[in-house]
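# Secondary and tertiary structure notes
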Amino acid sequence: MKKFKQCTYTVLLMATCFIASPFIFHQIWKNSSDSAKKAEVPPPSVTTPADPTAIPNGTEDPNVPPPSAVPSNGIADPTASAITTSPAAPVVSFISSDLSYFDDALFIGDSRTVGIQEYGTIKNADYFCSVGMSAAQINDESINGMTFDQAIDAKQYGKVYLMLGINEVGNDFEYTLTAYRAVVEKIKVHQPNAIIYLQGNLHVSSSAETNVINNEGINYLNSRIASLADNSRVFYIDINEVYDDESGCLTESYTSDGVHPLAMYYQQWCEWLCSKAVMLG
């Protein structure tokens, strides 16, 4: 009897497995298919939150210096700022005058000033000039028996024109500029009511440039001289705007030695000086 029951149970179990097996295999197949489909679905993309400090295209960040203020080395120029750290010199408006403007003028300078005196049309001014004059040696000069101190004390001038530096452009610049500044300060003391014109040094021609005297050095010296002008009492003027060629050198046809203008061009220099008059209120 016991063996009969065991056989019955075995038969029933086998029948149950036989009947249920299709359903079991179907469910296994379905689960495998769903898993494969899930694996084919790409993961959702992640959107990075917008940077609240980012500047939209087409607008400018006020905290970033403009391209012109950032040189190729990537370091911003600290001087390229919208904030001016020191007041600029007043803008000057020159006016034209006739030769009578120079009735109370004193010209101080080297060989180029000698050229103005000898070949120019300004004959009514006083001159203290010599071929080799320099800022460092001006106090040792004696012209027609007169020293520099005596020349600037001779009378009260309304204008003083100064052009020095070509004989020193090959020397130490700081030494030269210290001497030049001392000359300017002495003129201010001895001629307290005079307008002072600092004339930029004339360029040399390209054929006359050397390792000692060249237009790069002259330009640097002139830029430092120009910084002494306050456009209130002291003014910087530069004849190179008239005599330069397209490369920034003294025009070859204007000179025979590459350093001094031909005699005929000093008249043009004097006409240019007439266009650089200042009337103080």
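As a starting point, this report considers the structure included with it. (Residues numbered from 1 in each chain as written. Predicted model: local features only at pLDDT ≥ 70, side-chain atom pairs only at ≥ 80, totals over all residues. Heavy atoms only, no water.)

We now examine the packing of helix α4 (residues 173-190) against helix α5 (residues 215-226). Remark: α4 packs on α5, axes separated minimally by 11 Å, with the N-to-C direction vectors making an angle of 40 degrees. If you check the angle between α4 and α5, you find them oblique. Between α4 and α5 lies a crossing of right-handed hand. Counting all contacts with α4, which are made through Phe173, Glu174, Thr176, Leu177, Tyr180 and Arg181, the residues of α5 involved are Gly217, Tyr220, Leu221, Arg224 and Ile225. Of the residues assigned to the contact of α4 with α5, the class counts are six nonpolar, two polar and three charged. (Axes fitted to C-alpha atoms, helices over the stretch in contact; angles between N-to-C directions. Helix = DSSP H or I, 4+ residues; strand = E, 2+ residues; numbered from the N terminus. Parallel < 35°, antiparallel > 145°, perpendicular 65-115°, else oblique. Left-handed = near helix turned anticlockwise from the far one by under 90°. Contact = heavy atoms within 4.5 Å. Nonpolar A, V, L, I, M, F, W, Y, C, P; charged D, E, K, R; others polar.)

For the rest of this paragraph, the subject is the pattern of salt bridges. For the coordinates displayed, the defined rule picks out six salt bridges. We note a salt bridge from Asp149 to Lys186, for which the minimum N-O separation is 2.9 Å. Highlighted residues: Asp149 in helix α3 (residues 148-153) and Lys186 in helix α4, separated in sequence by 37 residues. (Salt bridge = Lys/Arg side-chain N within 4 Å of Asp/Glu carboxyl O.)

Counting residues in each nonpolar core, the largest one holds 30 residues, and the members touching the most others are Phe102, Phe107, Tyr161, Trp269 and Leu273. At the level of secondary structure, the elements contributing two or more residues to this core comprise β1 (105-109), α2 (111-119), β2 (126-129), β5 (159-163), β6 (195-199), β7 (234-237) and α7 (265-274). Broken down by element, this core gets its largest block of residues, seven residues, from α7. Beyond its immediate chain neighbours, meaning those up to four positions away, Leu273 contacts Phe102, Phe107, Ile116, Ile122, Tyr161, Gln199 and Ile237. Within the second largest apolar cluster, 27 residues are counted, among which are Ala135, Ala151, Tyr157 and Tyr180. (Core = buried A, V, L, I, M, F, W, Y, C linked by side-chain atoms within 4.5 Å. Buried < 20%, exposed > 50% of the residue type's maximum accessible area, 1.4 Å probe, protein only.)

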